[in-house]
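Descriptive structure summary
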Amino acid sequence: FASLIEPIAKSSKIKMKFVIVFVALFAVAFAAPADSDAETLRFDSDVQPNAFKYNYETSNGIKEDAQGELHNEGSENEAIAVRGSYSFVADDGQTYVVNYVADENGFQPQGAHLPVAPAV
């Protein structure tokens with residue numbers, strides 16, 4: 001009986017981890033200092049057991065798009081991979097854009113305003 005339950009329990013834990021990571025990323029997106037006059041202009045999301053997509057735009061120039069999926073499900077190399085971008089208008093009036101990948105190799109942001117690590 002335990003051998004039947006174990007794969008189901010493992011699969012449920014994996015999906016729960018996926019949902020937790022999605023919710024955490026979503027919370028980070030909305031945790032930035034807010035402009036009290038900003039309004040949400042657009043918000044779309046699609047959350048599946050092993051994947052998600054969301055995007056939004058606010059009236060103060062913030063935009064974000066992200067999509068994630070579970071790779072190597074059920075293996076020891078299982079990992080959530082997220083690809084996305086966000087942009088915002090800073091106090092200097094410039095719009096800053098960050099494109100990123102977050103996967104088993106960590107968070108990897110790229111943007112014209114970000115420093116680039118030296119080649120190894």
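Everything in this summary refers to the structure shown in the same document. Please read all numbers here as calculations on a predicted model, not as lab measurements.

Moving on, we come to the overall build of the protein chain. Counting secondary structure elements, the protein chain contains 1 helix and 6 strands. Each helix (α) and strand (β) of the protein chain, taken in turn from the N terminus, gives the series α-β-β-β-β-β-β. Put simply, the protein chain has 120 residues, and 21% of those count as buried. Of all intrachain contacts in the protein chain linking residues separated by at least 6 positions in sequence, the fraction that spans at least 24 positions is 28%. Of the roughly 8600 Å² of accessible surface on the protein chain, a fraction of 56% belongs to carbon and sulfur atoms.

So, about the pattern of salt bridges. All chains considered together, the criterion is met by 1 salt bridge. For arginine 42, the salt bridge goes to glutamate 57, with nearest N and O atoms at 3.7 Å. With a gap of 15 residues between them, arginine 42 in strand β1 (residues 40-47) and glutamate 57 in strand β2 (residues 51-58) connect regions that are remote in the sequence. A residue is classified by how much of its surface remains accessible, and arginine 42, at 28% relative accessible area, is partly exposed.

This part covers the side chain of asparagine 55. Along the chain, asparagine 55 falls in strand β2. Engagement of the side chain of asparagine 55 in a polar contact is seen with the side chain of arginine 42, the distance being 2.2 Å.

Rules of the game
- Residues numbered from 1 in each chain as written.
- Predicted model: local features only at pLDDT ≥ 70, side-chain atom pairs only at ≥ 80, totals over all residues.
- Heavy atoms only, no water.
- Helix = DSSP H or I, 4+ residues; strand = E, 2+ residues; numbered from the N terminus.
- Buried < 20%, exposed > 50% of the residue type's maximum accessible area, 1.4 Å probe, protein only.
- Contact = heavy atoms within 4.5 Å.
- Areas by Shrake-Rupley, 256 points an atom, 1.4 Å probe, with all protein chains shown as cover.
- Salt bridge = Lys/Arg side-chain N within 4 Å of Asp/Glu carboxyl O.
- Polar contact = N/O pair within 3.5 Å; in protein donor to acceptor, adjacent residues only side chain to side chain.

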